[in-house]
Amino acid sequence: MRQHFAVFGQPIAHSLSPYIHAEFGKQCGVELDYVAIEASPEDFASAVATFRAAGGRGANITLPHKQAAYALCKEVSEYAFHVGAVNTLMWQDDGWMGCNTDGVGLIVDLTERERLDLRGRRCLMLGAGGAARGVVPAMLEAGVAELIIVNRTAARADELVDAVGEPDRVKSRYWEDLAALGDFELIINATAAGHQTTVMDLPFSLLSPRCLAVDLSYGKAAIPFLSWAKAGNCDHAVDGLGMLVEQAAESFLRWHGVRPQTDGVYTTLRAKQDALISAD
Ligand code: ATR
C-alpha cells in the first residue's frame, strides 16, 4: 500500500526532499508519495494534523518549524531531546515520535563521502541558531577536540554553550574578537548570511593549512563562505548538499527500516546544482 510522507517548511517550494525520497523509494522498492507542504508558523500544527488525518505516516521538518515539531511529539529521541529540535516525525500508535537526523547526516557526509577525519580538530562554529544546534552534539561525538562558538548575537552563543554543558571543550567568544582566536582545523558556517546580500567579514587568520571549511547551506547560499575559505587556501571546502542527502537517508531508514544507497542521488543533485550555478 502506498504510504504518505511530506516535508513541512516555509519557504518549501524549492525543496529537494520530494525528489530524494522518490528516488530512495524506487531504489528500495517502497511505494510512497512524498510532497512539500508550505506552512506558516501559525498554521504549522494544524497542517500536520490535517496531513495525519489524511493518512500521513511520517514527515521531515525544515525551517522554521524544527522547534515547533518538537512540541508536537509525544516522544522524542535522546538526540532530539538534547538539541531541542526535530527534523523527522514518525507516526507511532497514537502520536508522533520525533528524532533529528541533521547531526548524523553531517558526520556521515564528512567522514564517509569526503573521507575526512574530524577527531582532534580545533573547531569554530559560526552561528548559534537552529542549524548550529542540530549538529553540535554530533560533532562532539565525532571527536572534535575543542569547539568555539561565535555568533553575531553573543547571548545565543552563550545559551548554546550552556545547553551543551561541556565548559572545558565548548566555549563562546565574541564576533568582534574573531581575529584574535588563532587558527582552526574545522570551520562550520551555520549562519544564514549566505541567504542574504550581506557578506561576512572574516579574517584569513582563522584558516590553518589543514583547515576543513563546511557550509551547512548548499547552492548559491554556500558560495560566499566557501569562496572566502578557498581564497584563504583552506585544505578542503564542503557545502551542505551531501548532508542534505544523508539526513534524508537517515530519515528513510527510520521510516522504512532500510538505509538507501546515497551516491546516485548525490551525484545527480551535484550535477544539477553545478549547472544552475554556472548558468548564472
Ligand atoms: P537557522 O535555523 O538556519 O540556524 P536561525 O535560528 O534564524 O536559523 O539562525 C540564523 C543564524 O545565522 C543565527 O546564528 C544568526 O545570528 P543572530 O543570532 O545574531 O541573528 C546568523 N546570521 C544571520 N544573518 C547573519 C549575518 N549577516 N552575519 C552573521 N550571522 C548571521
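Notes on the structure follow. Everything quoted here is computed from the prediction, not taken from an experiment.

Our next topic: the packing of helix H1 (residues 17-28) against helix H10 (residues 263-279). Taken N-terminus to C-terminus, the directions of H1 and H10 make an angle of 150°; their axes are 11 Å apart at the nearest point. With respect to H10, the element H1 is oriented roughly antiparallel. Crossing angle aside, the handedness with which H1 passes H10 is right-handed. On the side of H1, the interface is formed by Tyr19, Ile20, Glu23 and Phe24, while H10 contributes Val265, Thr268, Leu269 and Lys272. Of the residues contributing to the contact of H1 with H10, the split by class is five nonpolar, one polar and two charged.

An order of E9-E8-E7-E10-E11-E12 is seen for the six strands of this open sheet, with the pairing classed as parallel. The outermost strands of the open sheet, each flanked by one partner alone, are strand E9 (170-174) and strand E12 (236-238). Strand-to-strand twist across the sheet, computed as the mean angle between neighbouring axes with direction ignored, equals 20°. Relative to E9, strand E8 (residues 146-151) is paired through five bridges, and the arrangement is parallel. Pairing of Ile148 across the sheet is with Lys171, part of E9. Taken strand by strand, helix H6 (residues 130-141) contacts strand E7 (122-126), E8, E9 and strand E10 (184-189), and its axis lies near 170° from that of E7.

Calculation rules
Residues numbered from 1 in each chain as written. Predicted model: local features only at pLDDT ≥ 70, side-chain atom pairs only at ≥ 80, totals over all residues. Heavy atoms only, no water. Axes fitted to C-alpha atoms, helices over the stretch in contact; angles between N-to-C directions. Helix = DSSP H or I, 4+ residues; strand = E, 2+ residues; numbered from the N terminus. Parallel < 35°, antiparallel > 145°, perpendicular 65-115°, else oblique. Left-handed = near helix turned anticlockwise from the far one by under 90°. Contact = heavy atoms within 4.5 Å. Nonpolar A, V, L, I, M, F, W, Y, C, P; charged D, E, K, R; others polar. Pairing = 2+ DSSP bridges.

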